[in-house]
Amino acid sequence: MEKEKPFIYIDTNFSYDEALMLDMAFRSFSFEIVGISTVGSKMSAKAAGENILGLNEKYDLFLPIIAGNYESINGKSLTDKDDRVFFEARKDYLEDIPVEDGLYEIASDCGALDILTTGPLTNIAKALQKHEDLEDYISHIFISGGSIRDIEENFRKDPEAIDIILNTSIDLFILPQEIGEGIDISKAIDGEVGDDEIIKTIEELDKDKSLVRASLLLYLMESPEAFIFDEAGLKVDKEEDRGRLLRSTSRKKNYLVNRVNEESFLTYVRAKL
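Notes on the structure in this doc start here. (Residues numbered from 1 in each chain as written. Predicted model: local features only at pLDDT ≥ 70, side-chain atom pairs only at ≥ 80, totals over all residues. Heavy atoms only, no water.)

### Description of the sheet that holds strand β4 (residues 113–117)
And step 1. Ordered in space as β3-β2-β1-β4-β5-β6-β9-β7-β8, the nine strands form an open sheet in which the pairing is mixed. Lying at the two open borders of the sheet, with one neighbouring strand each, are β3 (65–67) and β8 (245–247). Sheet twist, expressed as the average angle between the axes of neighbouring strands with direction ignored, equals 30°.
And step 2. Looking at chain direction, β4 and strand β5 (residues 138–144) are connected through five bridges and run parallel. Within β5, the position partnered with Leu 116 by the bridge is Phe 142.
And step 3. Each of β1 (7–12), β4, β5, β6 (171–175), β7 (227–236) and β9 (253–260) is contacted by helix α9 (residues 213–222), which is oriented at about 150° to β5, the strand it contacts most. (Pairing = 2+ DSSP bridges. Helix = DSSP H or I, 4+ residues; strand = E, 2+ residues; numbered from the N terminus. Axes fitted to C-alpha atoms, helices over the stretch in contact; angles between N-to-C directions. Contact = heavy atoms within 4.5 Å.)

Structure (structure tokens):
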């Protein structure tokens, strides 16, 4: 019997590494993307959503895409407001539904959902607050962000959202910011891939092409056996070191990545592109 493909929901923005991750995900046949939401970060949630719609159309995919929150749980702006258009949407529109309700509808329809999230976790936290049984429909959340050594931007912007998610029973896989530092992803996208018009457009997003965290998160979701983890109870500092991850013996254990093989990751990227 053929194994069923996992249902994947992506919560993201639209920086270089996030656009590259989405492009890799749209090329994949090993899972089914059932929805995408955007959260304020480098771009506004709406601008990120419009760009993702345009990229989505390049593959003739028509996925439900929802523009989510632009303010944190405490009402502070999440957005740096880079609203350039890189991929123009011509055939489809953003879903006209609150992101909390859209995520709940998709998760309850699927019954068992895995979430990849690369920005502040505001959308997911607010959905969990609004729908008490949403937790029952989420199997795993793969999170790019956070650090025990430093203060990472996504966690700093909305630590209250992080804390809501850390307090759930959902299995969490956390990819901290220091994992992947120094990996040169250009090694995997040079040559023939460099002639790909979509990749050329994505490369225009940022001058710094070294960011690999979103693509690494996709690899984590597909191949967790390629990573080494610490199993640790975690909480987040909401005061002096706002956003820093702290170990806690009173919290359930989650999976914190501490190592990945660079060559196996670059091989994975080449295969996707």
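### Concerning the packing of aromatic side chains
And step 1. Under the counting rule described, the total for this entry stands at 11 aromatic pairs.
And step 2. With 6.2 Å between their ring centres and 90° between their planes, Phe 14 and Phe 87 make a pair best called edge-to-face. Of this pair, Phe 14 sits in the loop between β1 and α1 (16–26) while Phe 87 sits in the loop between β3 and α3 (99–110), and the two are 73 residues apart along the sequence.
And step 3. When the centroid spacing of 5.0 Å and the interplanar angle of 20° are considered together, the rings of Phe 142 and Phe 173 count as stacked. With Phe 142 in strand β5 and Phe 173 in strand β6, this residue pair connects regions lying 31 residues apart in the sequence. Like Phe 173, Phe 142 is buried. (Phe/Tyr/Trp six-rings, centres within 6.5 Å; stacked < 30°, edge-to-face > 60°. Buried < 20%, exposed > 50% of the residue type's maximum accessible area, 1.4 Å probe, protein only.)

### Concerning the pattern of salt bridges
And step 1. Applying the stated rule across the entire model yields 18 salt bridges.
And step 2. A salt bridge links Lys 46 to Glu 50; its shortest N-O distance comes to 3.5 Å. One end of the pair, Lys 46, and the other, Glu 50, are both in helix α2 (residues 45–58), four residues apart, so they sit about a helical turn from each other.
And step 3. The exposure class assigned to Glu 50 is partly exposed, which follows from its relative accessible area of 30%.
And step 4. Of the charged contacts in the structure, one is a salt bridge between Lys 238 and Asp 163, with a shortest N-O distance of 3.3 Å. Here the residue Lys 238 occupies a position in the loop between β7 and β8, and Asp 163 occupies one in helix α6 (residues 159–166), the gap between them amounting to 75 residues. (Salt bridge = Lys/Arg side-chain N within 4 Å of Asp/Glu carboxyl O.)

### Section: the pairing of β9
And step 1. Where β6 lies against β9, two bridges are found, and the strand directions are parallel. Across the sheet, the residue bridging to Ile 174 is Leu 256, located in β9.
And step 2. With seven bridges joining them, β7 and β9 adopt antiparallel strand pairing. When the sheet's bridge partners are listed, Gly 233 is paired in β9 with Lys 253.

### What about the packing of α1 against α9?
And step 1. At a closest axis distance of 7 Å, the pairing of α1 and α9 adopts a crossing angle of 35°. Taken together, the residues of α9 that come into contact with α1 (itself represented by Asp 17, Glu 18, Leu 20, Met 21, Met 24 and Ala 25) are Arg 213, Ala 214, Ser 215 and Leu 218.
And step 2. A class-by-class count of the residues in the contact of α1 with α9 yields six nonpolar, one polar and three charged. (Nonpolar A, V, L, I, M, F, W, Y, C, P; charged D, E, K, R; others polar.)

### A word on the side chain of Asp 92
And step 1. Positionally, Asp 92 belongs in the loop between β3 and α3.
And step 2. An unpaired buried charge is present at Asp 92: no salt bridge exists, and Lys 91, the closest side chain of opposite charge, is 10 Å distant.
And step 3. Those residues in contact with Asp 92 that lie beyond four places of it in its chain are Leu 53, Glu 57, Phe 62 and Leu 63. (Lys, Arg positive; Asp, Glu negative; His and termini not counted.)

Functional significance is not addressed by these values, which are geometric in nature.
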